[in-house]
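# Fold and geometry: a report
As a plain string of letters, each chain reads:
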Amino acid sequence: MMLRRLFKIKNYRFFVGSSDAQTLSQSQSMIIFMAYLIPVALVIWFISKFSVDVPFNDQWALVPLFDKVNKGSVTFGDFFAPHNEHRIFFPKVIFVLLAFASKWNLDLERYFSVFLAIVTFLLMYKIAEISYSQDKLSFHLFNILTCFLLFSLSQAGSWLFGFQLAFFLINTCLVLAVFIIIFPKNIAPNIRLFLSAICCSIASFTSGHGLFTWLAVIPSILALDENAKQKKLMSIFYVILFLLCYFFYTLDLQKTTSNFDILLLIKNLPTTLNYFFTILGSGFSVRLIPNLTGFLLFLTFAFFNIYSIKKSRSDLFSHAAPWLSIGWFTILFALIVTLGRSNMGVEQALASRYVTPSILLTISCIQM
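Figured I'd write up the structure that's included with this text. Worth saying up front: this structure is predicted, and the values here are computed from it rather than measured.

We now examine the packing of aromatic side chains. Evaluated as defined, the whole model comprises 34 aromatic pairs. Relative to Phe-90, the ring of Phe-89 lies with its centre 5.0 Å away and its plane at 85°, an arrangement referred to as edge-to-face. Of the residues examined, Phe-89 reaches a relative accessible area of 17% and is grouped as buried. Among the aromatic side chains, those forming a connected cluster through ring pairs are Phe-76, Phe-79, Phe-80, Phe-89, Phe-90, Phe-205 and Tyr-249. Between the NZ or CZ atom of Lys-136 and the centre of the ring of Phe-139, over which it lies, the distance is 5.6 Å. Its end group placed over the ring of Tyr-354, Arg-353 keeps NZ or CZ at 4.8 Å from the ring centre.

Okay, the layout of surface pockets next. Considered as a void within the structure, the second largest pocket measures approximately 490 Å³ in volume. Taken together, 20 residues make up the lining of the second largest pocket; nearest its centre are Leu-222, Ala-223, Lys-231, Ser-312 and Phe-317. Looking at the lining of the second largest pocket, the elements with two or more residues in it are helix H7 (106-131), helix H14 (228-249) and helix H18 (315-341). Examining the composition of the lining of the second largest pocket, we find that five residues originate from one element, H18, more than from any other. Counted by class, the lining of the second largest pocket contains nine nonpolar, five polar and six charged residues.

Attention now moves to the state of the cysteines. Applying the stated criterion to the full structure yields zero disulfides. Of all cysteine sulfurs in the structure, the one in Cys-200 sits closest to Cys-245, which takes part in no disulfide; the separation is 8.5 Å. Taking relative accessible area as the criterion, Cys-245 reaches 9% and is therefore assigned buried.

Counting residues in each nonpolar core, the largest one holds 102 residues, and the members touching the most others are Phe-151, Trp-159 and Val-217. The element contributing the most residues to this core is helix H10 (residues 165-182), with 13 residues. If we skip the residues at most four places from it in the chain, Phe-151 touches Pro-39, Val-40, Val-43, Val-114, Ala-117, Ile-118, Phe-121 and Trp-159.

The end-to-end C-alpha separation of H18 is 40 Å, in line with the 39 Å expected for 27 residues at 1.5 Å each. Of all 27 residues making up H18, 19 are buried, and the element is well covered by its neighbours.

If you walk through the whole model with that rule in mind, you get one cavity of 30 Å³ or more. Approximately 60 Å³ is the volume found for the largest cavity. In terms of lining, the largest cavity is formed by Leu-116, Ala-117, Thr-120, Leu-150, Gln-155, Phe-168, Asn-171, Thr-356 and Ile-359. For the lining of the largest cavity, the secondary structure elements donating two or more residues are H7, H10 and helix H19 (355-367).

Turning our eyes to something else, we now look at a nonpolar patch on the surface. A cluster of nonpolar residues, Ile-38, Leu-42, Trp-45, Phe-50, Phe-148 and Leu-153, forms a patch on the protein surface that exposes about 560 Å² of accessible area. No other element matches the four residues that helix H3 (residues 26-50) contributes to the nonpolar patch. The residue Phe-148 is located in helix H8 (residues 136-150) in this model.

Think of an α-helix as 3.6 residues a turn; residues three or four steps apart then line up on the same face. The end-to-end C-alpha distance of H10 is 26 Å, a good match for the 26 Å that 18 residues give at a rise of 1.5 Å each. Within H10, 17 of the 18 residues are buried, which leaves the element mostly enclosed by the surrounding structure.

Moving on, we get to the side chain of Asn-305. Considering the arrangement of structural elements, one finds Asn-305 in helix H17 (residues 290-310). Here Asn-305 falls in the buried class, since its relative accessible area comes to 12%. Excluding its chain neighbours within four sequence positions, the residues that come into contact with Asn-305 are Leu-324 and Trp-328.

Let's shift gears to the packing of helix H6 (residues 89-102) against H10. Look at H6 against H10: their axes get within 10 Å of each other, and the N-to-C directions meet at 115°. As for how H6 packs across H10, the hand of that crossing is right-handed. When H6 is examined against H10, the residues Phe-90, Pro-91, Ile-94 and Phe-95 are found in contact with a partner set consisting of Leu-165, Ala-166 and Leu-169.

Turning our attention to the pattern of salt bridges. For the structure shown, the criterion picks out five salt bridges. Note that Asp-78 is salt-bridged to Lys-68, the shortest N-O span being 2.9 Å. On the criterion of sequence distance, the pair formed by Asp-78 in helix H5 (residues 76-80) and Lys-68 in helix H4 (residues 63-71) is long-range, its members being 10 residues apart. A relative accessible area of 34% means that Lys-68 is categorised as partly exposed. A salt bridge links Arg-110 to Asp-107; the nearest nitrogen and oxygen atoms lie 2.6 Å apart. Of this pair, Arg-110 and Asp-107 both sit in helix H7, separated by three residues, roughly a single helical turn. Judged by relative accessible area, which is 3%, Arg-110 ranks as buried. The exposure class assigned to Asp-107 is partly exposed, which follows from its relative accessible area of 22%.

Non-glycine residue Asn-57 carries a positive phi angle of around 50°. Mapped onto the elements, Asn-57 comes out in the loop between H3 and H4.

How each quantity is defined
Residues numbered from 1 in each chain as written. Predicted model: local features only at pLDDT ≥ 70, side-chain atom pairs only at ≥ 80, totals over all residues. Heavy atoms only, no water. Phe/Tyr/Trp six-rings, centres within 6.5 Å; stacked < 30°, edge-to-face > 60°. Buried < 20%, exposed > 50% of the residue type's maximum accessible area, 1.4 Å probe, protein only. Lys NZ or Arg CZ within 6 Å of the ring centre and 35° of its normal. 1 Å grid on protein atoms, 1.4 Å probe; cavity = no way out; pocket = protein on both sides within 12 Å on 5 of 7 lines; lining within 4 Å. Points joined across faces, edges and corners; volume = space filled by probe spheres on them. Helix = DSSP H or I, 4+ residues; strand = E, 2+ residues; numbered from the N terminus. Nonpolar A, V, L, I, M, F, W, Y, C, P; charged D, E, K, R; others polar. Disulfide = S-S within 2.5 Å. Core = buried A, V, L, I, M, F, W, Y, C linked by side-chain atoms within 4.5 Å. Contact = heavy atoms within 4.5 Å. Expected span 1.5 Å × (residues − 1). Patch = residues over 30% accessible without salt bridge, like charges linked within 9 Å, V, L, I, M, F, W, Y side chains within 5 Å. Areas by Shrake-Rupley, 256 points an atom, 1.4 Å probe, with all protein chains shown as cover. Salt bridge = Lys/Arg side-chain N within 4 Å of Asp/Glu carboxyl O. Axes fitted to C-alpha atoms, helices over the stretch in contact; angles between N-to-C directions. Left-handed = near helix turned anticlockwise from the far one by under 90°.

Next comes the structure, spelled out in structure tokens:
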């Protein structure tokens, strides 16, 4: 019943809610609903206008897998085998299903990414709805801005390259994991953690940075209505699961030339920091000095962390915790990419595919 209500979007009242009817007129409600639809419609138009139904780059590596599936000789190892430095087990499953359902129509992969982004936004909307107590108009303005950011065309490379659905899937798994921990109060905490762990497991074997979902959700765990000892044990358990997934993830994984040299990074610290802050800021602005934007976002997020910790015994922390988790995921993503890729130059940090995870920090700060 809860999921049916969550994803029922045919009626605009999903976004304005029954309680909003008392504070917003019919025309205002319709305008708000249309505002939510605009960024989604723009992305769908963008894909239909500029996409090309021709395999590109990494997509050609899927052809041997498709051939094995077609011949009935595919094994678990074929799906678990690494792709470059990543384990893309679950994306491979999705690619196979979509390819054989459509004779490998690549548009289906792109629209699946849009579907994942829609699910991610709906989950964010519900998380925001839980804790927001101010006037409904302000609530919708913040969430409409969140919607525009989540469907930003600055991540054009991800929208047009179906292979990037892995990044959208990780975002969805992260937000769903946070939502499960925070929202269904009528479900026992242990069951919520188990369901959240399933989401983190899927993210872990979707792409490399998906492993960080285990660590990112810890602030949400600390916001549970449990005693301090129980929350500490739960957090430690998630760290153990992270290490366990990392162990399986790195089995027979070939090292690439992008592996970082910590001494070189320290020696070139200004360049390293410039790369890190550029990734953080590229989700908000590619043209308007992204490294400065990233630095300001980092300071803002750090302030919210410190303030939330000081208020850890109040309701404020429980309201902020899901957004702290979402923001921390971007910080961890930017950190690992900086360690592995900063030697390629700061311009590489502006790759549009990085916007898909980095935009979550901007959304986190806006919502908090």
